[in-house]
Amino acid sequence: MSRNRQTYMVGSVSALGGFLFGYDTGVMSSILEMDYWKDYFHKPSSTGVGVIVAMLTAGCFVGSLFAGWLADRLSRKRTIMLACVVFSLGAAIQCGSRNRAMLIAGRFVAGLGVGVLSMAVPVFMSEIAPPSIRGRLVSLQQWAITWGLLVAFWIDYGTHFIKSDASWRIPMGIQIVPALILFVSMFFMPYTPRWLVDNGREDEALKVLARLRSNGDITDTGVVAELEDIKHAVQVDRETAVRSYTELIKFPIRRRVVLGVLIQILQQLTGINTTLYFAPTIFKQSGLTGDNASLLAQGLNGVINCLATVPAILWIDKWGRRKTLMFGSLACGISYFIQAVATGATQNKTYDDNGDLNLNMPTGVSYLVIVFIYIFVASFAMSWGPIGWIYPSEIFPTRIRSKANSVTTASNWLFNFVIGLVSPILIKRITWGLDLIFALIMFASVAIVFLFFPETKNRTLEEMEFIFGGSPWAHKDKKRIAEHDATTNHYVDDKDA
C-alpha cells in the first residue's frame, strides 16, 4: 500500500469525475417524483420524462466521441479539467431552468461534460496504475458513481420537504460544487507517463513515475524498467499508428474494439439505469405508498449500491475479470427472473386519478420483489459496474487508447440513452415483461463472457498485445497463455497492492 500511496491519491481525486455522473443520475431519479417539479413542468407524460432523462445520456454520447481526440491533443489531465467546466455550465442551466426546453438543454450540456469524463478518467487511471492495482484503481470511478448516487438520493430526500421550487433547484445546483473541486484539484495532478512519452517528454515521464512508484526516486530500478517498457511500447505503436477511427475496425485491433464495445453495451443491458433512474416509480408500483416511503427505499438502494462496490475495489485484481462478470450475470439474471415471475403471477393493474400505474400485488410479494431489486443492485455493483469501465481502459495500446475508448464509451452512452428513453414507457406498459427481457440478456451474457473475453488481471498494458494475439475463442486460448506465463515467469506480487 505504501509504495502506491501517491497512485491511490491521484486516482481518488480523478474519480470525482464518476461522482458527477452518479450525482446527476441520482438527483434526477428522485426529482421526478417531487410534486413541485411535476407542477412546474406541467406533469410530463412517460414519454416526456423519458426525453428529459435521456437527454443527459445523449450529451454523454456526443461528448464521449470527442473525448478521444481531446485526450490525445490536450492530455488526459486537461481534458478532465475542460469537462468540469462544461458540466458546471450544464448544471447551472438545469438549476435555473424556466421551462422544459431549458431543462433539456441543461441536461444535454451537462451530458457533454460527463461523456468526456467517463472516457478520460478511466484512461487516466489505467495509465498511472501498476498492473497489481489497476483494476482496483479504475474501480474507484464506479465507487465514486455510487457515492454520487447515494449523496444525491439523500439530498433529494431532505429537500423534498421544502414547499417551493427550491426543493428541486437546490439539489440540481449543488452538483456544481464537486465539479469545481475536481477542476481545482487537477491542477496538482500529474500528466500520465504514457501520454508524456508519446509526446516526447520522457524526462517528465520519469519524474511522474518516480512520484507514483518510489516517492520521487528517479534511480529506482522498477521505475527505470517501467519507463523503458513504456518507451518500447510507444515506439511499436508509432510504427503501426492509428491515423483515423476507421482503422479501429481493421485487424488486429478490431477484436479488442468489438469486445470493448460489447462489454459497455452489456453493462447497460443489465438494466441498472432503469432501476436507478426509475426506482421510486418501481417501488410505488410494487406497493410502497407515499413519496416518503419510495424515496427512503431509493435511499437504501443507494446505500446497497455503494457498499456492494467495496468488495470489487478490494479484490477485483484477485478475482479476475471473467469469473466476476459471469457471477454477476448469473446473479442479476436470477434476480430479474424471480421479480418477473412474482410480479406476473400476482399483479392486478389499476390506474389512479393521475394516470399512475399500481400493480396491487400481495404485501409479501411486494416485499419479495423489492428485496430482489436490492440483490440485483448488489450483484451489479460487484461485477458489471466496475469491470464495464476497467476492461476497455486496459486492453488498447497507447497510441489508440483514447480513440478506442471514445468509441467504446460512446456505445455505452448510446444504449444508456435508448434505455432511458424507453424504460418509463415499458415500465408502464409491460411491467414484468421488462424484467424477463433483462433476465434473458443476463443469462446470455454468461456464455458471451465465457466464450470471448480473455482474462486481463495483473497484466501490464504493454502485455495486452500477446493476450489478444491468439484465438478469438477465449476459453480455447488459456493453454497458450499459460505456456507463455511459464516461460516468462509471469508473476505479480499481491503485496504491491
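Definitions and cut-offs
Residues numbered from 1 in each chain as written. Predicted model: local features only at pLDDT ≥ 70, side-chain atom pairs only at ≥ 80, totals over all residues. Heavy atoms only, no water. Helix = DSSP H or I, 4+ residues; strand = E, 2+ residues; numbered from the N terminus. Rg over C-alpha atoms; globule rule 2.2 N^0.38 Å. Buried < 20%, exposed > 50% of the residue type's maximum accessible area, 1.4 Å probe, protein only. Contact = heavy atoms within 4.5 Å. Areas by Shrake-Rupley, 256 points an atom, 1.4 Å probe, with all protein chains shown as cover. Lys, Arg positive; Asp, Glu negative; His and termini not counted. Charge placed at Lys NZ, Arg CZ, Asp CG, Glu CD. Salt bridge = Lys/Arg side-chain N within 4 Å of Asp/Glu carboxyl O. Phe/Tyr/Trp six-rings, centres within 6.5 Å; stacked < 30°, edge-to-face > 60°. Lys NZ or Arg CZ within 6 Å of the ring centre and 35° of its normal. Core = buried A, V, L, I, M, F, W, Y, C linked by side-chain atoms within 4.5 Å. 1 Å grid on protein atoms, 1.4 Å probe; cavity = no way out; pocket = protein on both sides within 12 Å on 5 of 7 lines; lining within 4 Å. Points joined across faces, edges and corners; volume = space filled by probe spheres on them. Nonpolar A, V, L, I, M, F, W, Y, C, P; charged D, E, K, R; others polar. Expected span 1.5 Å × (residues − 1). Disulfide = S-S within 2.5 Å. Axes fitted to C-alpha atoms, helices over the stretch in contact; angles between N-to-C directions. Parallel < 35°, antiparallel > 145°, perpendicular 65-115°, else oblique.

### Observations regarding the overall build of the chain
- Summing up its helical and strand segments, the chain has 22 helices and two strands in all.
- The C-alpha radius of gyration computed for the chain amounts to 23 Å, which stays within 12% of the reference 23 Å derived for 497 residues, consistent with globular compactness.
- In the chain, which comprises 497 residues, the proportion classed as buried is 58%.
- Within the chain, contacts between residues separated by at least 24 positions form 80% of all contacts whose residues are at least 6 apart in sequence.
- A total accessible area of about 19,000 Å² is found for the chain, and carbon and sulfur atoms account for 66% of it.
- Here the chain carries 45 positive and 37 negative side-chain charges, and the mean point of each set is 2 Å from the other.

### Here's the deal with the pattern of salt bridges
- Taken as a whole, this structure holds 16 salt bridges when the rule is applied.
- Residues R201 and E204 are paired through a salt bridge, measuring 2.8 Å at the closest nitrogen-oxygen approach.
- E204 sits in the partly exposed class, given a relative accessible area of 34%.
- The closest approach of N and O atoms between E202 and K231, which form a salt bridge, is 3.6 Å. Here K231 lies in helix α12 (residues 221-239) and E202 lies in helix α11 (residues 202-213), a separation of 29 residues in the sequence.
- Counted as one network, the salt bridges with shared partners bring together D72, R76, E127, R401 and K403.

### Focus: the packing of aromatic side chains
- This model, assessed by the stated rule, comprises 16 aromatic pairs.
- When the ring of Y191 is compared with that of W195, the centres are 5.5 Å apart and the planes differ by 25°; the resulting orientation is stacked. A single burial state applies to Y191 and to W195, both of which are buried.
- Among the aromatic residues, those joined into a ring-pair cluster are W37, Y40, F41 and W168.
- Residue placement shows K77 over the ring face of Y191; its charged tip is 4.7 Å from the ring centre.
- It is R201 that lies over the ring of Y191; its NZ or CZ is 5.1 Å from the centre.

### Examining the nonpolar core
- I31, W37, I80, L182 and M186 are the most contacted members of the largest nonpolar core, which has 130 residues in total.
- For this core, the element with the most residues is helix α6 (residues 100-128), which contributes 13 residues.

### Some details on the environment of Q6
- In this structure, Q6 sits in helix α1 (residues 5-14).
- Judged by relative accessible area, which is 28%, Q6 ranks as partly exposed.

### Considerations on unusual backbone geometry
- A positive phi is found at K43, a non-glycine position, where the angle reads about 45°.
- In the Ramachandran plot, T431 falls in the positive-phi region, its phi being about 40° despite a non-glycine side chain.
- The residue T431 is located in the loop between α19 (398-429) and α20 (432-452) in this model.

### Digging into the side chain of N301
- Checked against the element boundaries, N301 lands in helix α15 (residues 291-319).
- Setting aside its immediate chain neighbours within four residues, N301 contacts T275, L276, A279, Y374 and V377.

### What to know about empty space enclosed by the protein
- According to the stated counting rule, one finds five cavities of 30 Å³ or more in the structure shown.
- Considered as a void within the structure, the largest cavity measures approximately 270 Å³ in volume.
- Taken together, 22 residues form the lining of the largest cavity, with I282, Q339, I373, T431 and D435 sitting closest to its centre.
- Where the lining of the largest cavity is concerned, the elements lending two or more residues are α14 (272-285), α16 (321-346), α17 (363-381) and α20.
- With six residues, the single largest contributor to the lining of the largest cavity is α14.
- Its residues assigned to classes, the lining of the largest cavity comprises 13 nonpolar, eight polar and one charged.
- Volume-wise, the second largest cavity comes out at about 150 Å³.
- Lining the second largest cavity are 17 residues, and of these F21, Q142, I145, I272 and N273 sit closest to its centre.
- Elements represented by at least two residues in the lining of the second largest cavity include exactly α2 (16-31), α7 (134-159), α13 (254-269), α14 and α19.
- Of the residues that constitute the lining of the second largest cavity, the class distribution is eight nonpolar, nine polar and no charged.

### Overview of α2
- Between its first and last C-alpha atoms α2 spans 22 Å; for 16 residues at 1.5 Å apiece the expected length is 22 Å, and the two agree.
- Most of α2 sits inside the fold, with 15 of its 16 residues counted as buried.

### Here's the deal with the state of the cysteines
- This model, assessed by the stated rule, comprises zero disulfides.
- With no disulfide of its own, C60 lies 14 Å from the sulfur of C84, the closest cysteine sulfur.
- By relative accessible area, C60 is classed as buried at 0%.
- With a relative accessible area of 1%, C84 lands in the buried category.

### Regarding the packing of α1 against α11
- In the contact formed by α1 and α11, the axes pass within 5 Å of each other and the chain directions differ by 100°. Classed by the angle they form, the pair α1 and α11 counts as roughly perpendicular. Together, Q6, T7, M9 and V10 of α1 and R211, L212 and R213 of α11 make up the contact between the two elements.

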